[in-house]
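# Per-entry structural report
Chain by chain, the residues run as shown.
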Amino acid sequence: MPMASTSSYTKVQYLQRQAASLLLYQSVLQSEVGMAFLELLQAIRYTDADARGCLQAYGSYFHALAAKNENWEDYLITQLLLSKNPFTRLAEVRKFEDLPPALIAAVRHDLQILQSLYECSSASLSEWIQGVAHMPISPVVWYKEQELLGGETKFATYLQQLDNWGDAVEELAAYYRQCGSGLFAEYRALRWQGGQFIGIRYSDPVKLSALVGYESQKDALLKNTEFLLSGEMALHVLLYGSRGSGKSSLVKSLLNEYSNRNLRLLEVAKSDLKDLPEIVEHLRGVLQKFIIFVDDLSFEEDDDAFKALKVVLEGNLTARPQNVVVYATSNRRHLIREFFVDRPTPKDNEEIHAWDTMQEKLSFSDRFGLTLTFEPADQKTYLKIVQHLAAQAEINITQEDLEYQALQWATRHNGRSGRTARQFVDFLKADLRLFHANTNTSNTSH
């Protein structure tokens, strides 16, 4: 049974000093896994360490890695690449030779420290715990096959081949310049909530290829999005039309079409539109391109959200960032609700320029550079959508039967629309699968 040696305690105390001396990458150790690692080092740093406390600290560390489903080594590299700090922010937008020398020296220093922490494997920690707690065998070591993705895998392999991680500063800067850092590098879809950006881990998987009909509208939106991705001045877009015509799905599908070109979709609820000028300033100068997505847009009179959106659409003294556009959907052509009592009549105590006020309301949608109209689907378009979705779902029934059931569904449910077609095909697919499963079970039992 191995005993914890004096050299082990010296090593642990050295690692603690190293972790405490990080200059820029403190965030790497500020998550649940990082904190559990530091607490484990603290528990085993003394020769008279409490065995029970050490075992509990190791259990917390193991649990944190298992919850993340990551090895310690993979976790450390992932956090390194996602970290947001003064170096990452500048590296995204400046050439390496234009970065401040003190910043480069600090990164080199931090990389060498992170290398020391990287080499402190879970297996080593388990052996130290065995010695401290006088256990006959060492605790279970958390381990899984490496699953870093894309550029992370490439960079991890590059680091593993280096004797000194301090030599990786320029390569790391190139990574940030290509992929970005922080929350916008980690998530493709986000929402603004409670005054901060929140990552959406599981975004809507809808694909452009699944959307049929409204081809001219789709082409116009794709072209405008290409302008955004190419660094040109793209237009703000209003997608207006009937319910269930696929306006929202079309915007969401852009993410799955272009996320590999650094496109990000940021969902902003109508109740948070008052924060829009602040949101836009946060996004200014960021590597990624952003579609601010506002679904089901409409306003009441004197709405603060109306005023905030107007500032973003029309601009003010601050130049508009070229990496941000607003794509909004609405069922209303005139976005501000108007009542008959709003219409000006020549009465005493009436606003002199009331017609101007009303026109301001009615023309708000014109402030979007591009308005795409989605008319209700006719029977031909509806059946075309159904046939396309049924083919993608590999539903094997006759076209005549498919069309008959689709029309029956539209009559009984929400009328003809892309949404109705999707609901019908999803139901039919599940129904047929259940029927075949029951048939197979019945045949097997006989």
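The structure reproduced in this document is the subject of the present report. Model, not experiment: these values are computed from the prediction. Numbers given to residues run from 1 along each chain, matching the order in which its sequence is written. Where local features are concerned, this predicted model is filtered to residues with pLDDT of at least 70; where side-chain atom pairs are given and counted, the filter is 80 or more; whole-chain, interface and lining totals use all residues. Each side-chain value is derived from all of the structure's non-hydrogen atoms; neither hydrogens nor water enter the calculation.

## What to know about the layout of surface pockets
Of the grid points, spaced at 1 Å and generated over the protein atoms alone, those admitting a 1.4 Å probe that cannot get out make up cavities, while open sets with protein on both sides within 12 Å along at least five of seven lines make up pockets; any residue with an atom within 4 Å of a point is treated as lining. Grid points are joined across faces, edges and corners, and a volume is the space filled by probe spheres set on the points. If you add up the space inside the second largest pocket, you get close to 640 Å³. Taken together, 29 residues line the second largest pocket, and the ones lying closest to its centre are Gly 244, Ser 245, Gly 246, Lys 247 and Ser 249. Secondary structure counts use DSSP, requiring at least four H or I residues in a row for a helix and at least two E residues in a row for a strand, with both numbered from the N terminus. Among the secondary structure elements, those contributing two or more residues to the lining of the second largest pocket are helix H12 (247-258), strand E6 (324-330), helix H16 (379-392) and helix H18 (418-445). By residue class, the composition of the lining of the second largest pocket is ten nonpolar, ten polar and nine charged. The classification used treats Ala, Val, Leu, Ile, Met, Phe, Trp, Tyr, Cys and Pro as nonpolar, Asp, Glu, Lys and Arg as charged, and all other residues, Gly among them, as polar.

## Points about the packing of aromatic side chains
How two aromatic rings sit relative to each other is set out by the distance from centre to centre and by the angle between their planes. In this scheme Phe, Tyr and Trp rings, the latter by its six-membered ring, pair at centre separations within 6.5 Å, and the angle between planes marks the pair as stacked below 30 degrees, edge-to-face above 60, and tilted otherwise. The full count for this structure, using the stated rule, is 17 aromatic pairs. Among the aromatic side chains, those forming a connected cluster through ring pairs are Phe 37, Tyr 58, Tyr 61, Trp 72 and Tyr 75.

## Structural notes on the sheet that holds strand E2 (residues 196-200)
The mixed open sheet is built from seven strands, whose spatial order is E2-E1-E4-E5-E6-E3-E7. Each edge of the open sheet is held by one strand with a lone partner, namely E2 and strand E7 (370-374). Each adjacent strand pair in this sheet contributes to an overall mean axis angle of 25°, direction not counted. Two strands pair when backbone bridges link them, and strand E3 (residues 237-241) and E7 are joined in this way by five bridges, in the parallel orientation. The partner of Tyr 240 across the bridge, within E7, is Thr 373. In this description, strands pair whenever DSSP reports at least two bridges between them. Angles here are taken between N-to-C directions and fall from 0 to 180 degrees, while the axes themselves are lines fitted to C-alpha atoms, restricted in helices to the stretch in contact.

## Things to note about the pattern of salt bridges
The term salt bridge refers to a pairing of a side-chain nitrogen on Lys or Arg with a carboxyl oxygen on Asp or Glu at a separation within 4 Å. Inspection of every chain in the model, using the stated rule, returns eight salt bridges. Glu 267 is paired through a salt bridge with Arg 191; the nearest N and O atoms lie 3.5 Å apart. You can see Glu 267 sitting in strand E4 (residues 263-267) and its partner Arg 191 sitting in strand E1 (residues 189-193), a full 76 residues away along the chain. Here's how the labels work: a residue is buried when its accessible area is under 20% of the maximum for its type, exposed when over 50%, partly exposed in between, all with a 1.4 Å probe on protein chains only. Here Arg 191 falls in the partly exposed class, since its relative accessible area comes to 29%. One salt bridge connects Glu 226 with Arg 261, and the closest N-O pair in it is separated by 3.1 Å. Here Arg 261 lies in the loop between H12 and E4 and Glu 226 lies in helix H11 (residues 215-229), a separation of 35 residues in the sequence.

## Let's talk about the nonpolar core
Take the buried residues of types Ala, Val, Leu, Ile, Met, Phe, Trp, Tyr and Cys, join any two whose side-chain atoms come within 4.5 Å, and each joined set is a nonpolar core. The biggest cluster of nonpolar side chains holds 56 residues, and the ones touching the most others in it are Tyr 25, Trp 72, Phe 87, Leu 117, Leu 125 and Leu 172. Any pair of residues with heavy atoms lying within 4.5 Å of one another is described as a contacting pair. Residues contacting Leu 125, with those up to four places away along its chain left out, are Phe 37, Leu 40, Leu 41, Ile 44, Tyr 58, Tyr 61 and Cys 120. In this structure, Tyr 214, Leu 221, Leu 222 and Leu 239 belong to the second largest nonpolar core, which totals 27 residues.

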